[in-house]
Amino acid sequence: MIIDGLQCGHFDRDVFESLQRGKVGCVTVTLGFWKGAVQSLEAIDRWRTLARANADLVGIAHGAADIEALASQGKLALILGFQNANLLEGHIGFVELFADLGVRVIQLTYNNQNELGGSCYEEHDSGLARFGKEVIREMNRCGIVVDLSHVGNRTSLEAIQYSEKPVAITHANPDAVYPHKRNKTNEVLAALRERGGIIGCAAYRNIAGDEYCTTVDKWCELVARTVDIAGIDHVGIGTDRSHNTTQRDLDWMRKGTWTRGVDFGAGSQVRPGKAPPPDWFTRVEHLGEVIPALARAGFNDEEVAKITHRNWLRVYRAAIGA
């Protein structure tokens, strides 16, 4: 089984079936990037409706036991997540309310500084704010994974140290392997290892690089280099795969309502539009090819199992609960 730490876009029955063909047993889905509380409630309602309509294929998971139970039934487990903390709107009590509604992953910041801390794209990373500390402790208490994927390196380090439970970088890569503002320094990954967290290696071309997108074996080389830095117990898969997205979706992800100007997100003037998927990952079901490729990269059966699902299950048990 593969657990994918993050995907986004517009999911439908065809996507669910493709994920199952790709041996994916669990995926964290993105419900929002810039949504406030009411819009986030609407997104939760849409996902609940979608899950009910496809109950023969999927189910919403609230913990590690749900993932395993759904897998035993041949179903895809869905973990509800948000890539920003805007849904909280400054209310510490909203953490528990959204947890009660099934939210299990929240990224502290997206591409911009917010009231919790600094983003990877700000010129100066402010570090973890007082409200950020309060939110992390409440997320720890309520069983929500702290996601640091788009968070600045200083804020990431402080969040890793402050959190009482393991945190996740759900979709990124080591900056030492592919330099990019979205990727994480060795210092951050060392702290993540020491505190029991996990990084999900991304297959998004803009932060994986063209070289590691040529073949599944090259991408598994990126995974192996991440293991060299973070350790075999702290690396998983977090493809950042996007489904059925358009340029309008991409513009929303990058610009939201905060700018009238141009923002390239993880892209650049040279590559301004939607990045093509990796050459080996042109269809969702190709993800299943990672399992034998990890073995070809030199990982034994136990290590392959850790990277594909066991490390995620450990973090989910510790951060979310059974």
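Figured I'd write up the structure that's included with this text. A quick note: this is a predicted structure, and the numbers were derived from the prediction, not measured. (Residues numbered from 1 in each chain as written. Predicted model: local features only at pLDDT ≥ 70, side-chain atom pairs only at ≥ 80, totals over all residues. Heavy atoms only, no water.)

**Regarding the overall build of the protein chain**
Looking only at helices and strands, the protein chain features 12 helices and 10 strands. In terms of overall size, the protein chain behaves like a compact globule, its C-alpha atoms giving a radius of gyration of 18 Å where 322 residues would be expected to give roughly 20 Å. Taken along its principal axes, the extent of the C-alpha atoms in the protein chain is 45 × 40 × 40 Å. Burial statistics for the protein chain: of 322 residues in total, 59% are counted as buried. Residue pairs at least 24 apart in sequence account for 72% of intrachain contacts in the protein chain once pairs closer than 6 positions are excluded. Surface exposure of the protein chain reaches about 12,800 Å², of which carbon and sulfur atoms provide 49%. Averaged over its 36 positive side-chain charges, the protein chain has a centre that lies 2 Å from the centre of its 40 negative ones. (Helix = DSSP H or I, 4+ residues; strand = E, 2+ residues; numbered from the N terminus. Rg over C-alpha atoms; globule rule 2.2 N^0.38 Å. Buried < 20%, exposed > 50% of the residue type's maximum accessible area, 1.4 Å probe, protein only. Contact = heavy atoms within 4.5 Å. Areas by Shrake-Rupley, 256 points an atom, 1.4 Å probe, with all protein chains shown as cover. Lys, Arg positive; Asp, Glu negative; His and termini not counted. Charge placed at Lys NZ, Arg CZ, Asp CG, Glu CD.)

**Description of the side chain of Lys 306**
Secondary-structure assignment places Lys 306 in helix 12 (residues 301-319). Residues within four places of Lys 306 in sequence aside, it is in contact with Ile 232, Asp 233, Val 235 and Asn 311.

**Side note on the environment of Asn 111**
Mapped onto the elements of the fold, Asn 111 is located in the loop between strand 5 (103-107) and helix 5 (130-142). Along the primary structure Asn 111 and Glu 302 are separated by 191 residues, whereas in three dimensions their C-alpha atoms are 36 Å apart. Apart from the residues within four sequence positions on either side, Asn 111 is in contact with Trp 34, Ser 119, Tyr 121, His 150, Met 253 and Gly 265. A polar atom in the side chain of Asn 111 sits 2.6 Å from the side chain of His 150. (Polar contact = N/O pair within 3.5 Å; in protein donor to acceptor, adjacent residues only side chain to side chain.)

**A word on helix 3 (residues 64-72)**
Those residues of helix 3 not exposed but buried are Ala 64, Ile 67 and Leu 70. Here the buried residues of helix 3 occupy an arc of 130° about the axis, which is enough to place them on one side. Turning to helix 3, the residues buried within the fold contact strand 1 (2-9), strand 2 (24-30), strand 3 (58-60), strand 4 (76-82) and helix 12. (Arc of directions from axis to C-beta.)

**Some thoughts on the packing of aromatic side chains**
Within the structure shown, the criterion is met by 10 aromatic pairs. Measuring from centroid to centroid gives 5.5 Å for Trp 219 and Trp 280, while their planes differ by 40°, and the two rings are tilted. Separated by 61 residues along the polypeptide, Trp 219 in helix 9 (residues 216-230) and Trp 280 in the loop between helix 10 (247-255) and helix 11 (290-296) bring together distant segments of the chain. Since its relative accessible area comes to 0%, Trp 219 is described here as buried. Every member of this aromatic cluster is reached through a ring pair, and the members are Phe 11, Phe 16 and Trp 47. The lysine or arginine in question, Arg 137, covers the ring of Tyr 162, its NZ or CZ lying 4.0 Å from the ring centre. Positioned above the aromatic ring of Phe 281 is the side chain of Arg 241, whose terminal nitrogen or guanidinium carbon lies 4.5 Å from the ring centre. (Phe/Tyr/Trp six-rings, centres within 6.5 Å; stacked < 30°, edge-to-face > 60°. Lys NZ or Arg CZ within 6 Å of the ring centre and 35° of its normal.)

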